[in-house]
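Now for the letters of each chain:
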Amino acid sequence: MALKLSCAFATSAQSHDHARIAEDLGYAHAWFYDSPALYPDVWVQLARAAERTSRIGLGPGVLVPSLRHPMVNAAAIATLVSIAGPDRVTIAIGSGFTGRLTMGQRPLKWSYVTKYVQVLRALLRGEEVEWEGGVLRMLHPAGYGAPRPIDVPFVIAAAGPKGIAAAHELDTGVFAALMPISGFKSSIVLTFGTVLDEGEDAGAARVLAAAGHGASVAFHFAFENRLLGNIPNGEEWAAAYNAVPERVRHLALHDQHLIAINDRDRPFVTGKVLLQNGLAMSRAGWRDRLAMLEAQGATEIAYQPAGPDIARELEAFASAAR
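Procedures and definitions
- Residues numbered from 1 in each chain as written.
- Predicted model: local features only at pLDDT ≥ 70, side-chain atom pairs only at ≥ 80, totals over all residues.
- Heavy atoms only, no water.
- Helix = DSSP H or I, 4+ residues; strand = E, 2+ residues; numbered from the N terminus.
- Buried < 20%, exposed > 50% of the residue type's maximum accessible area, 1.4 Å probe, protein only.
- Areas by Shrake-Rupley, 256 points an atom, 1.4 Å probe, with all protein chains shown as cover.
- Lys, Arg positive; Asp, Glu negative; His and termini not counted.
- Charge placed at Lys NZ, Arg CZ, Asp CG, Glu CD.
- Phe/Tyr/Trp six-rings, centres within 6.5 Å; stacked < 30°, edge-to-face > 60°.
- Pairing = 2+ DSSP bridges.
- Axes fitted to C-alpha atoms, helices over the stretch in contact; angles between N-to-C directions.
- Contact = heavy atoms within 4.5 Å.
- Patch = residues over 30% accessible without salt bridge, like charges linked within 9 Å, V, L, I, M, F, W, Y side chains within 5 Å.
- Salt bridge = Lys/Arg side-chain N within 4 Å of Asp/Glu carboxyl O.
- Right-handed = clockwise from strand over helix to strand, strands pointing away.
- Expected span 1.5 Å × (residues − 1).

J.: Just checking my understanding: could you explain the overall build of the protein for this structure?
T.: Assigned secondary structure in the protein consists of 12 helices and 12 strands. Across the 322 residues that make up the protein, the buried fraction comes to 55%. Surface exposure of the protein reaches about 14,300 Å², of which carbon and sulfur atoms provide 53%. Between the centroid of the 29 positive side chains of the protein and the centroid of its 31 negative side chains there is a distance of 3 Å.

J.: Sorry, what's going on with the packing of aromatic side chains here?
T.: Two aromatic rings are characterised by how far apart their centres lie and by the angle between their planes. The full count for this structure, using the stated rule, is 13 aromatic pairs. An angle of 5° between the planes, with centres 4.3 Å apart, marks the rings of Phe219 and Trp237 as stacked. One end of the pair, Phe219, is in helix α7 (residues 205-224); the other, Trp237, is in helix α8 (residues 234-239), and 18 residues separate them in sequence. We classify Trp237 as buried; its relative accessible area is 3%. Here the aromatic rings of Trp237 and Phe268 are separated by 5.4 Å at their centres, their planes lie at 10°, and the arrangement is stacked.

J.: How should I be thinking about the sheet that holds strand β12 (residues 300-304) in this particular structure?
T.: Sheet architecture is open: eight strands sit in the order β3-β2-β1-β12-β9-β8-β7-β4, paired in parallel fashion. The two strands at the open ends of the sheet, each matched to only one other strand, are β3 (57-60) and β4 (91-94). Taken pair by pair, the neighbouring strands of this sheet meet at an average axis angle of 25°, ignoring direction. Packing against the sheet, helix α11 (residues 283-295) makes contact with β9 (187-192) and β12, and its axis sits at approximately 155° to β9.

J.: Is there a simple way to think about the pairing of β4 in this case?
T.: On a regular strand, each side chain points to the face opposite its neighbour's, so the side chains alternate between the two faces of the sheet. Every second residue of β4 is oriented toward a common face, with Ile91 and Ile93 on one face and Ala92 and Gly94 on the other, all of them buried. Where β4 meets strand β7 (residues 154-157), four bridges bridge the pair, whose relative direction is parallel. Residue Ile91 lies in a different strand from β7, and its bridge partner there is Phe154.

J.: Whenever I open this one, a nonpolar patch on the surface confuses me. Can you help?
T.: Among the surface-exposed residues, Leu178, Met179 and Met292 lie close enough to one another that they form a single nonpolar patch of about 270 Å² accessible area. Mapped onto the elements of the fold, Met179 is located in the loop between β8 (173-177) and β9.

J.: Whenever I open this one, the pairing of strand β2 (residues 29-32) confuses me. Can you help?
T.: Side chains His29 and Trp31 of β2 all project onto a buried face; the interleaved residues Ala30 and Phe32 project onto the opposite face, where all are buried too. With three bridges connecting them, strand β1 (residues 4-9) and β2 associate as parallel partners. Paired with Phe9 across the two strands is Phe32, which belongs to β2. Sheet topology places β2 next to β3; four bridges connect them, and they run parallel. Among the inter-strand pairings, Trp31 is bridged to a residue of β3, identified as Gly59. Handedness of the crossover joining β2 and β3 through helix α2 (residues 42-52) is recorded here as right-handed.

J.: So what exactly am I meant to see when it comes to helix α5 (residues 110-124) here?
T.: Since one α-helical turn is 3.6 residues long, residues separated by three or four positions face the same way. Across its 15 residues, α5 extends 21 Å between first and last C-alpha, which sits within 8% of the 21 Å expected from 1.5 Å per residue. By the burial criterion, the buried members of α5 are Trp110, Val113, Thr114, Tyr116, Val117, Val119, Leu120, Ala122, Leu123 and Leu124. Residues of α5 that are buried sit in contact with α3 (70-84), β4, β5 (129-131), β6 (134-136), β7 and α6 (161-170).

So yeah, pure geometry; function would need other evidence.
The structure is reproduced here in structure tokens:
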């Protein structure tokens with residue numbers, strides 16, 4: 001199976017149009033981030049994208065169970081399926097990195113995520129299920145959502161052994177950042193960065209705007225998981241947040257998360273950092289990276305563009321990949 005080229009968006013008011021551009025460029029799937037503290041409602045934008053496109057796959061990447069009752073997500077999935085059709089919809093679910101940390105909460109237990117997915121799937125099949133002490137079933141008549149059963153693929157955003165075990169138990173694919181997880185029929189890799197023009201300086205304003213979010217998110221992950229030793233100047237970087245009271249530090253830390261470089265991160269995100277982390281590469285460099293990821297088991301690359309010219313980033317990456 002050839003490596004699929006997909007894209008992922010830090011959901012914005014323009015993401016529905018960016019999905020249309022991605023479809024025109026041949027991307028297989030468009031994933032929309034679901035972090036309500038940062039981005040507009042993922043389901044609204046996915047529905048708008050479904051109405052603007054005809055072929056590209058669509059789905060949230062990734063839903064966090066604690067953000068919505070399973071019936072709410074079941075109804076939203078049915079709505080998207082009624083617009084786009086079941087063959088275009090895939091659902092990614094995780095324990096909550098950005099979606100929970102932005103609100104000062106730790107990721108969910110994987111046992112809870114597993115149960116949530118089981119209940120959500122049962123609802124989509126049209127079954128009666130119990131949740132929080134109540135019995136529920138999708139009651140939507142014709143014209144109020146796609147008819148049951150609704151059969152759409154699920155993938156689990158797994159970063160460690162418990163998430164991987166949950167994906168195996170649920171018999172899903174996996175969605176991971178930067179490196180593939182082997183042993184699954186579907187292994188999607190979220191990728192950040194930009195394609196350098198010939199002779200372009202990695203420290204140029206365009207490059208920093210398009211790829212700097214990738215360096216910031218690596219720091220945010222290290223900060224939250226006590227891995228600052230893995231980040232160059234990690235302790236100095238963290239010190240930039242010392243003046244922020246711990247109670248609200250997560251708000252400052254996630255300012256512009258996966259969108260741009262915030263003011264506290266800016267001194268630490270340089271062209272050198274982008275080059276060292278493979279976030280700014282030539283077309284040949286990106287082709288080599290994708291070939292490596294495919295050899296390691298990736299079946300799909302979900303490229304997240306950023307900066308003021310999303311269309312340019314999508315086009316450049318698609319050109320490099322091919």
